[in-house]
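Tertiary structure, described
The chain contents come next:
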Amino acid sequence: MFKNFQQVLQFNTTGRGTSNISREVADVASQSGVHEGLCHVFIHHTSASLILCENADPTVRSDLERFMSELVPDGSRMFQHVDEGPDDMPAHVRSILTKMDLTIPVTAGRLALGTWQGIYLWEHRTHPHRRRITVTVQGS
Amino acid sequence: MFKNFQQVLQFNTTGRGTSNISREVADVASQSGVHEGLCHVFIHHTSASLILCENADPTVRSDLERFMSELVPDGSRMFQHVDEGPDDMPAHVRSILTKMDLTIPVTAGRLALGTWQGIYLWEHRTHPHRRRITVTVQGS
Amino acid sequence: MFKNFQQVLQFNTTGRGTSNISREVADVASQSGVHEGLCHVFIHHTSASLILCENADPTVRSDLERFMSELVPDGSRMFQHVDEGPDDMPAHVRSILTKMDLTIPVTAGRLALGTWQGIYLWEHRTHPHRRRITVTVQGS
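Report on the accompanying structure. (Residues numbered from 1 in each chain as written. Chains lettered and ligands numbered in written order. Predicted model: local features only at pLDDT ≥ 70, side-chain atom pairs only at ≥ 80, totals over all residues. Heavy atoms only, no water.)

A look at the overall build of chain A
The helix and strand inventory of chain A stands at 3 helices and 8 strands. Ordering the α and β elements of chain A from the N terminus gives β-β-α-β-β-α-α-β-β-β-β. Structurally, chain A occupies a C-alpha span of about 55 × 30 × 20 Å along its principal axes. Counting every position in chain A, which comprises 140 residues, the buried fraction comes to 61%. Contacts spanning at least 24 positions in sequence make up 82% of the contacts within chain A whose residues lie at least 6 apart. (Helix = DSSP H or I, 4+ residues; strand = E, 2+ residues; numbered from the N terminus. Buried < 20%, exposed > 50% of the residue type's maximum accessible area, 1.4 Å probe, protein only. Contact = heavy atoms within 4.5 Å.)

Here is the structure:
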């Protein structure tokens, strides 16, 4: 039988940076009872994003953060939308470049991530935020 | 019962810039009769893209356009593919960086966008184009 | 009846560059027996990605490669994660900017790509690698 399973997760971020949420998403995939199908992860915000990133060496994420900070500089004079501070518009640009949705296969009842793939919530604002994520699993 | 609902939408763009297509996509999600599931949006082109962006302050989109125009400059000497003009290759790069597909949860019969999230068609060519989008809704 | 069909594909890359895998993915979509639905493509790695790109003029892909090589330079002093060489960390950044998952509509039993859209596996490492991709087709 084809199933649809949906669950909301909430995460408190500690400001700009990445958090590994692979376990929480994998748990929803397991609970769904789906043997083969897809797991969709969605963040309901425009200043935080979801990425698949190497999960072994933490310098990958610090290098990634450095790259993004140079690509989209906080406080750039290019930006007029500064209502909430110098990290406001960069957070929107960073989210659009790295995306708010992600779909991963479910195979043999488990989230089929590659060995080195982790799912990360990337907070782009400098201050802590509460972030809402919806996980939807579909399959048989 | 598990449903699959698919509909094609057409939009006439007025040249480079973003158009909010959230209402049109939400209408398809409603018509599908899906209570809980996923809504997939796909643009059948390589020089226009689909993004989720802040939907309240229009300067967010003008800032985004300015950022992208500096990142991928029209008429850059880097590009050899200039058959259709100085915005030709930049339109391809911009589309690849911002993507042509998007998946959003459907919850309680409605497209579950965050409060500040809007779905935008981003035309990357300077001249107007007719753009074709397929919306597919799956769920129960 | 709603179907779920999943198949693993393997590709040997010849080092950095793009390979058109549209035919292989379209074959899985055809084999699935799905008339209308979605086809999801996923690469189980963090240093190679999947893109939709113009499929007619090869200079589009060489221009794209040039753009990305300038955006994320190999051997940049910005990067500390250099365990596997100067293309190691750039490969992670390039993959995150271009994504590892892709979803395409299936319409009338066929993968509904636009006329100029091709699915490309983009190898970001300079050396050849064996890459694993899972294709999942869902629909009725």
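Let's talk about the sheet that holds strand β1 (residues 3-12) of chain B
Residues and elements named next belong to chain B. The strand order across the open sheet built from 5 strands is β1-β8-β3-β5-β6, with neighbouring strands paired in antiparallel fashion. Among the strands making up the open sheet, the edge pair consists of β1 and β6 (110-111). The pairing of strand β3 (residues 37-43) with strand β5 (residues 101-107) spans 6 bridges and is classified as antiparallel. When the sheet's bridge partners are listed, Leu38 is paired in β5 with Pro105. Packed onto the sheet, helix α1 (residues 22-31) meets β1, β3, β5, β6 and β8 (130-139) and runs at close to 155° relative to β1. (Pairing = 2+ DSSP bridges. Axes fitted to C-alpha atoms, helices over the stretch in contact; angles between N-to-C directions.)

Section: the packing of helix α2 (residues 58-71) of chain C against helix α3 (residues 88-98) of chain C
Residues and elements named next belong to chain C. Where α2 meets α3, the closest approach of the two axes is 10 Å, and the angle between their N-to-C directions is 120°. Relative to α3, the element α2 is oriented oblique. The two elements α2 and α3 cross, and the hand of that crossing is right-handed. For the pair α2 and α3, contact is made by Glu65, Met68, Ser69 and Leu71 and by Arg94, Leu97 and Thr98, respectively. (Parallel < 35°, antiparallel > 145°, perpendicular 65-115°, else oblique. Left-handed = near helix turned anticlockwise from the far one by under 90°.)

Quick word on the sheet that holds strand β7 (residues 117-123) of chain A
All names here are of chain A. Sheet architecture is open: 3 strands sit in the order β2-β7-β4, paired in antiparallel fashion. Both outer strands of the open sheet, β2 (17-20) and β4 (48-54), are each paired with one neighbouring strand and no more. Averaged over all pairs of adjacent strands, the angle between their axes in this sheet comes to 35°, without regard to strand direction. Two elements, β4 and β7, share 7 bridges in a ladder whose sense is antiparallel.

With respect to the relation of the copies chain C and chain A
For the match of chain C to chain A, the screw axis carries a shift of 0.0 Å, the RMSD comes to 0.0 Å, and the turn is 120°. Taken together, the rotation angle and the small translation identify this as a three-fold axis. (Least-squares fit on C-alpha atoms with pLDDT ≥ 70 in both.)

Remarks on the pairing of β7(A)
All names here are of chain A. Counted residue by residue, β7 has 7 buried out of 7 residues, so it is predominantly covered. Side chains of β7 alternate between two faces, with Gln117, Ile119, Leu121 and Glu123 and Gly118, Tyr120 and Trp122 buried alike. With 4 bridges joining them, β2 and β7 adopt antiparallel strand pairing. Bridge pairing in β7 places Asn20 opposite Tyr120.

Topic: the interface of chain C and chain A
Contact residues are listed per partner, giving 29 residues for chain C and 36 residues for chain A. In terms of surface lost to chain A, no three residues of chain C exceed Gln6(C), Met78(C) and Ile96(C), which account for 22% of the buried area on that side. Put simply, chain C and chain A have 15 residue pairs in polar contact (both at pLDDT 80 or more) between them. Of all the elements in the fold, those that place two or more residues in the side of chain C that touches chain A are β1 (3-12), β3 (37-43), α3 and β8 (130-139) of chain C. The element best represented in the side of chain C that touches chain A is α3(C), accounting for 5 residues. When grouped by side-chain class, the residues that make up the side of chain C that touches chain A number 13 nonpolar, 12 polar and 4 charged. (Buried area = accessible area lost by both parts, 1.4 Å probe. Polar contact = N/O pair within 3.5 Å; in protein donor to acceptor, adjacent residues only side chain to side chain. Nonpolar A, V, L, I, M, F, W, Y, C, P; charged D, E, K, R; others polar.)

Things to note about helix α3 (residues 88-98) of chain B
Residues and elements named next belong to chain B. Burial of α3 is extensive: 11 of the 11 residues sit out of reach of the surface. Within α3, the full set of buried residues consists of Asp88, Met89, Pro90, Ala91, His92, Val93, Arg94, Ser95, Ile96, Leu97 and Thr98. Lys99 occupies a position one or two residues after α3 and carries a positive phi of about 80°.

A word on the relation of the copies chain A and chain B
Rotating chain A by 120° and moving it 0.0 Å along the rotation axis overlays it on chain B with an RMSD of 0.0 Å. In this assembly, only 17% of the residues forming the interface of chain A have copies in chain B that are likewise at the interface, indicating a heterologous arrangement.

A word on the interface of chain A and chain B
On the chain B side, the residues contacting the 29 residues of chain A number 36 residues. In total, about 2700 Å² of surface goes out of reach between chain A and chain B, with carbon and sulfur atoms giving 64% of it. Our enumeration of links across chain A and chain B arrives at 0 salt bridges. Along the contact surface separating chain A from chain B lie 15 residue pairs in polar contact (both at pLDDT 80 or more). Broken down by secondary-structure element, the contributors of at least two residues to the side of chain A that touches chain B are β1 (3-12), β3 (37-43), α3 (88-98) and β8 (130-139) of chain A. The element contributing the most residues to the side of chain A that touches chain B is α3(A), with 5 residues. (Salt bridge = Lys/Arg side-chain N within 4 Å of Asp/Glu carboxyl O.)

Examining the pairing of β8(C)
On a regular strand, one side chain projects to one face of the sheet and the next to the other, so that they alternate. All names here are of chain C. Burial analysis of β8 places 8 of its 10 residues in the buried class, which makes it a mostly covered element. In this structure, β1 lies alongside β8, joined through 10 bridges in antiparallel fashion. Bridging from a neighbouring strand, Gln10 pairs with Arg132 of β8. Here β3 pairs with β8 via 7 bridges, running antiparallel. Residue Leu38 lies in a different strand from β8, and its bridge partner there is Gln138.

Distances and angles like these do not, on their own, reveal function.
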